[in-house]
Amino acid sequence: DRSIKIAPSILAADFANFGAECAAVEAEGADWVHVDVMDGHFVPNISFGPATCAAIRPHIKGVMDVHLMIAPVDPYIDAFAQAGADVITAHIEAGPHIHRTLQAIRATGAKAGVALNPGTPAESVAHLLDLTDLICVMTVNPGFGGQKFIDMSDKIKTLRQMIGDRPVHIEIDGGVDVTTAPIVAQAGADVLVAGSAVFRGGSVSDPAPYGTNIKAI
Ligand code: DX5
Ligand code: ZN
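Residues numbered from 1 in each chain as written. Chains lettered and ligands numbered in written order. Predicted model: local features only at pLDDT ≥ 70, side-chain atom pairs only at ≥ 80, totals over all residues.

Overview of the site of ligand 1
This is how the line gets drawn: A residue counts as near a molecule or strand when its C-beta atom, positioned from the backbone, falls within 6 Å of it. Starting at the N terminus, helices and strands are each numbered in turn, a helix being any DSSP run of H or I of at least four residues and a strand any DSSP run of E of at least two.
Taken together, 22 residues lie around ligand 1, and Ser 9, Pro 142, Gly 145, Gly 195 and Ser 196 are the ones closest in. Taken together, the elements giving at least two residues each to the shell around ligand 1 come down to strand S2 (32–38), strand S8 (191–194) and helix H7 (196–199).

What to know about the sheet that holds strand S5 (residues 111–116)
Within a sheet, each strand pairs with its neighbour through backbone hydrogen bonds, oriented either parallel or antiparallel. Filter applied, for reference: Strands pair, by our definition, only if DSSP identifies at least two bridges between them. Where helices are involved, their axes are fitted lines through C-alpha atoms of the stretch in contact, as for all axes, and angles between N-to-C directions lie from 0 to 180°. For every residue pair, C-beta atoms are placed from the backbone, and the pair is scored as a contact if these atoms sit within 7 Å.
Read across the sheet, eight strands follow the order S1-S8-S7-S6-S5-S4-S3-S2 without closing on themselves; strand pairing throughout is parallel. This sheet does not close on itself; its edge strands, each paired only once, are strand S1 (5–8) and S2. Adjacent strand axes in the sheet meet at a mean angle of 25° when their direction is disregarded. Judged from the five bridges that link them, strand S4 (residues 87–91) and S5 form a sheet pairing that is parallel. Within the sheet, the bridge partner assigned to Val 87 lies in S5 and is Lys 111. Running at roughly 150° to S5, helix H4 (residues 98–107) makes contact with S4 and S5 of the sheet. On top of the sheet, helix H5 (residues 153–163) reaches strand S6 (134–138) and strand S7 (169–173); it is set at about 165° to S6, its chief contact.

So, the UniProt feature "active site" (unreviewed entry) in the chain
To keep things clear, this is the line we draw: UniProt positions are given in the numbering used here, feature names are shortened, and annotations may be inferred rather than shown by experiment. Backbone-placed C-beta atoms define the burial measure: a residue is buried with 20 or more other C-beta atoms within 10 Å of its own, exposed with 12 or fewer, and partly exposed in between.
Here the UniProt feature "active site" (unreviewed entry) sits at Asp 36 and Asp 173. Look at the named residues: they lie 138 residues apart in sequence, but the longest C-alpha span between them is just 10.4 Å, so in the fold they bunch up. Mapped onto the fold, Asp 36 is located in strand S2. On the basis of neighbour count, Asp 36 is assigned to the buried category, with 24 C-beta atoms found within 10 Å. Non-local contacts of Asp 36, meaning those with residues more than four positions away in its chain, are made with Ser 9, Leu 11, Ser 47, His 67 and Met 69. Residues within four places of Asp 173 in sequence aside, it is in contact with His 67, Cys 136, Met 138, Thr 139 and Val 193.

Below, the structure is given as structure tokens:
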């Protein structure tokens, strides 16, 4: 399914009300809910772990899309699968054995994603295309919400060509709002993560607490 899907990132939501926040964005039309896991080691910020994912799982009707910004990844795959993740995405930069990591994710029954930092080329996934269900193109350096969009249109186009007719999503993460969403969709992305633009109004001057910008994106 190559239709455009919006995946609000709860990193920008109210951490004391994840259940209500997830329900609110789904009511507003969110297709997936994006869950950012940060370890203070692979990225310079700490968010939350598998117990929080398990707690929010019952509040998400659709796809729970877990983005692991942690290193190492492999010891924690089962915990995130047990927590109910539908998609588990690991960074190619997080360790020397991404091939093994993607196999291990698929072995749990979850979809396997691979994320690329802005400095990592499209070609780095050339030998992973049949092992992955999603390629996440970071359009910020990971670690924080609310950062400025870095245009990775060339990388997205190259990946779309490399993928060919394989059933692989291209997800964009970082700085997606009403202005940048059309750029990445045009380049070939189909899953758009949006944190601050959804939960905080972003570039859309909307004071409502959550959810109201999904349709605009
Ligand atoms: C960045 C995270 C993103 C982030 C996006 O490290 O992976 O998912 O929450 O936030 P915005 O949309 O505000 O750039
Ligand atoms: Zn993310």
